[in-house]
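So the chains spell out like this:
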Amino acid sequence: MIATSQIHKVCVYKNEENGFKKRAIAALPNEYIELMWGWVENNVAYVAAFVPIHHKATKAGAWWDDFEVDIQKAETENAGIFLLGSIHTHPERSTTELSSFDIKELQKRGELITGICAIEYKPTKNRLIYKCRFSYRPGLLPFEVEYL
Ligand SMILES: [Zn+2]
């Protein structure tokens, strides 16, 4: 069993994150959440897949039933990847800090990595600003991230 403290860096497959970004923008103004699957090798976590999960969401939160996670676990059983954690958006907010609710949830789920994406509309620039952060517990400091 890998501990979060053993992870020193996160490598994210850019195409996968771009897919998440598109789905997250489509879900606006509500929050959006997906699961992150991958593996850990030499203290580096590889986020290889952002996988949609059936969930309920409002502007302030997103949640699912545990059996939805079990379904994905069963589907990936022989794929050589495992559940690293989840990633969710903070719509209309510029902060990628974990809220106290986020911390409670990720600890309950035992996530190795938690992603937060702030999506904020900047009227002066007429575009969406998208900022992603990958953190871990308990320090909640962002990991160094490399895009593949
Ligand atoms: Zn949050």
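It should be noted that the structure appears before, not after, this text.
Note that the structure is predicted; figures quoted are calculated from it, not measured.

(A) Spatial organisation of the pairing of strand β3 (residues 44–52). Relative to β3, strand β1 (residues 9–12) is paired through four bridges, and the arrangement is parallel. Looking at the pairing, C11 lines up with Y46 of β3. The antiparallel hairpin formed by strand β2 (residues 33–41) and β3 contains two residues in its connecting segment, where N42 sits at a positive phi of about 50°.

(B) Representation of unusual backbone geometry in the model. A cis geometry characterises the amide bond from L28 onward to P29, with omega recorded as 10°. Backbone geometry at N42 places phi at a positive 50°, although glycine is not the residue there. Among the secondary structure elements, N42 is positioned in the loop between β2 and β3. Phi is positive for E92, close to 55°, though the residue is something other than glycine. Note that E92 resides in the loop between β6 (82–91) and α3 (100–109).

Conventions used here
- Residues numbered from 1 in each chain as written.
- Predicted model: local features only at pLDDT ≥ 70, side-chain atom pairs only at ≥ 80, totals over all residues.
- Pairing = 2+ DSSP bridges.
- Helix = DSSP H or I, 4+ residues; strand = E, 2+ residues; numbered from the N terminus.

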